[in-house]
Amino acid sequence: MLPRARRHHIDPDLPFCTPVARPSLPRAFREAPLLPTRWGPSEPRYALLINPFYPKDPHASFGKHVLTPTLALTSVAASTPAQWRVEYWDENLLRGALPSEPLPEVVGITVHLTFARRAYELATWFRERGTQVVLGGLHVMSWPDEAAPFADALAIGDGVTLWPQILADLESDDLKPRYRTMFATDYAADPAPRRDLLPRRSFLTTTSVNATRGCHNRCDFCYLSTKGVKMPYRMRTPESIAAELIDDDQPYAVFTDNNLGSDHDYLFALCRALTPLERIWSAAVTIDVTDNPALVRAMALAGCTGVFIGFESLSDNALRNARKKTPRADDYARRVALLHDHGIQVNGSFVLGFDEDRRDVFARTAEWVEENRLECATFHIMTPYPGTPLFRRMETERRLLHKDWSCYDTAHVVFQPKHMSPEELYQGYAWMYQRLFSAASIWARRPRDRSAVLPYLAMSTLYKRSNLLWSVLIRHDLTHAVWRPLVELTRRRHIGFRRRLAKRPAASHPHQDTRAASVVSAGV
């Protein structure tokens, strides 16, 4: 089905003459929990793994923080030796102060750029009370010398491989200051994440899964292009992925791979393994999965209801200069229509602030999103992560405004744009969220199939326009309870859609019967 002709035009000056209201941000979403005021004695062979608090972007949905748990720490937990007791703690679930009675013998803290300061604060608190601290994560890989003063040991690289050795050295009183290994091991041999450690009620689904590791792209703004990071593309067996979905017994799974579609043959095989399970799932892929309509059909038959696609820009020059391998931007609309024809929702991700971007980029992008009825859109201010080619270029050109890592979160402007002021870039970014999350835009992007409109509106309203409700759901562990009925309804609708789709010849277009609207888009 070809995309419909352009229906409307947005004035390029509209983002700059429209007042943008700053959404309210409850205190619990902008300030970290208080540190414990009481603590007990240290318990030998007790390890606590912590995902630190980070302030939330008031323009985006709070729901994305409880969509699914991080795999990094639950995967590390799975490699913990049997003689150790291990617990998982996520400060973003608003469950109060850290567990401290008893104190752990060792604490492992994942460090990301935006919450490095909080990670160091936690590390200092524990070390002052005699707990050994191990820091790992993306920021430790790219900036180890900064993290070193706050840790007894650094895990640089693949934490799943390093963690057992760190604990063994701790037991033998031979802890080393740095452990380093990149991601060269057989990914298929990694243990399944310890989902039993998770508070199920706090997440929409606990079935977050990585089937692959790495990506065929090395965009100059992506953390995968960080100097020294070597992450070759690796795959786990489709059968082991299917087994994980069965074991966790959730109706909805989220693949958190950088790009599940990097290897089309592998994705075909994975779809064959998932089809009999009658689950629904979403994943991040690149738009080139639509090179082969048979692959899109296989994804739909296997239960795919939503994809997160990093379009990044509608400018071919911007994409080329960022070293992103992608089809031409003027073919994006046709490819989105192909996904929609197979009942697959699209969450489009866009980066704002490329050197090729001018003031009209905001209106053009919003116009394209609405014309092509993307169910969800995610926006990011261009952010030069330390160690990436983009960071080095910005630093050489003296365009970095500061190095306050807490603002390197894609929601703040930290560099001097080429064709607009920092204030204009931020205004355009805030306007994009205000417009695309508005009731008028949500309605304009409703599915063409009438039977899919109500589920779509339920998803959009709950996800995009209910941040105050999210704060209540998260505080009271109601996320899973509220979303589960909607997800189950979607799963049942999608099973019916799959049966109808399977009866049609592969070459036919199913767009006249796309009653398979997802309740939540991928990667939100």
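Summary of the structure given here.

## Some details on the overall build of the protein chain
Here is step 1 of the chain: Scanning the protein chain for helices and strands turns up 19 helices and 14 strands.
Here is step 2 of the chain: For 524 residues, the compact-globule formula gives about 24 Å, and the C-alpha radius of gyration of the protein chain, at 23 Å, lands near that figure.
Here is step 3 of the chain: Reported as C-alpha extents along the three principal axes, the dimensions of the protein chain are approximately 70 × 55 × 40 Å.
Here is step 4 of the chain: In the protein chain, buried positions account for 59% of the 524 residues.
Here is step 5 of the chain: Counting every atom, the protein chain has about 21,000 Å² of accessible surface; 53% of that belongs to carbon and sulfur.
Here is step 6 of the chain: Averaged over its 67 positive side-chain charges, the protein chain has a centre that lies 5 Å from the centre of its 58 negative ones.

## Some thoughts on the nonpolar core
Here is step 1 of the chain: Formed by 80 residues in total, the largest nonpolar core has its most connected members in F255, W281 and F311.
Here is step 2 of the chain: Those residues in contact with F255 that sit more than four places away from it in its chain are V209, A211, I241, L260, L270, L274, W281, S282, A283 and A284.
Here is step 3 of the chain: Residues A28, L94, F203 and L473 belong to the second largest nonpolar core, which totals 45 residues.

## What about the sheet that holds strand β11 (residues 280–285)?
Here is step 1 of the chain: Taken in spatial order, the 6 strands make up an open sheet running β7-β10-β11-β12-β13-β14, and their pairing is parallel. With partners counted over all chains shown, the strands left at the sheet margins are β7 (208–209) and β14 (376–381), one partner each.
Here is step 2 of the chain: Here strand β10 (residues 252–255) runs beside β11; their pairing, made up of 4 bridges, is parallel. Paired with F255 across the strands is A283, a residue of β11.
Here is step 3 of the chain: Its contacts with the sheet put helix α12 (residues 332–341) on β12 (304–312) and β13 (345–352), and the angle it makes with β12 is roughly 170 degrees.

## A closer look at helix α10 (residues 293–301)
Here is step 1 of the chain: For α10, the full list of buried residues reads L295, V296, R297, A298, M299 and A300.
Here is step 2 of the chain: At its buried positions, α10 is contacted by α9 (264–274), β11, β12, α12 and α19 (479–503).
Here is step 3 of the chain: The opening residue of α10, the one whose side-chain oxygen lies 3.0 Å from the backbone nitrogen of A294, is N292.
Here is step 4 of the chain: Downstream of α10 by a residue or two, G303 has a phi angle that is positive, lying close to 110 degrees.

## Regarding the packing of α10 against α19
Geometrically, a packed helix pair is captured by the angle between its two axes and the distance between the axes.
Here is step 1 of the chain: Direction vectors running N to C along α10 and α19 enclose 140 degrees, while the axes themselves pass 9 Å from each other. As far as their axial angle goes, α19 and α10 are oblique. Contacts between α10 and α19 pair R297, A300 and L301 from the former with H494, R498, L501 and A502 from the latter.
Here is step 2 of the chain: A breakdown of the residues in the contact of α10 with α19 according to their chemical character gives 4 nonpolar, 1 polar and 2 charged.

## Some details on the pairing of strand β5 (residues 153–157)
Here is step 1 of the chain: Within β5, 5 of the 5 residues are buried, which leaves it mostly tucked inside the rest of the structure.
Here is step 2 of the chain: Bridge count for strand β4 (residues 132–136) against β5 is 3 bridges, and the pairing is parallel. Bridge pairing links L135 to L154 in β5.
Here is step 3 of the chain: Bridge count for β5 against strand β6 (residues 178–181) is 4 bridges, and the pairing is parallel. Residue pairing in the sheet places L154 in a bridge with R178 of β6.
Here is step 4 of the chain: Taken together, β5, helix α7 (residues 159–171) and β6 constitute a β-α-β crossover, and its handedness is left-handed.

Rules behind the numbers
- Residues numbered from 1 in each chain as written.
- Predicted model: local features only at pLDDT ≥ 70, side-chain atom pairs only at ≥ 80, totals over all residues.
- Heavy atoms only, no water.
- Helix = DSSP H or I, 4+ residues; strand = E, 2+ residues; numbered from the N terminus.
- Rg over C-alpha atoms; globule rule 2.2 N^0.38 Å.
- Buried < 20%, exposed > 50% of the residue type's maximum accessible area, 1.4 Å probe, protein only.
- Areas by Shrake-Rupley, 256 points an atom, 1.4 Å probe, with all protein chains shown as cover.
- Lys, Arg positive; Asp, Glu negative; His and termini not counted.
- Charge placed at Lys NZ, Arg CZ, Asp CG, Glu CD.
- Core = buried A, V, L, I, M, F, W, Y, C linked by side-chain atoms within 4.5 Å.
- Contact = heavy atoms within 4.5 Å.
- Pairing = 2+ DSSP bridges.
- Axes fitted to C-alpha atoms, helices over the stretch in contact; angles between N-to-C directions.
- Polar contact = N/O pair within 3.5 Å; in protein donor to acceptor, adjacent residues only side chain to side chain.
- Parallel < 35°, antiparallel > 145°, perpendicular 65-115°, else oblique.
- Nonpolar A, V, L, I, M, F, W, Y, C, P; charged D, E, K, R; others polar.
- Right-handed = clockwise from strand over helix to strand, strands pointing away.

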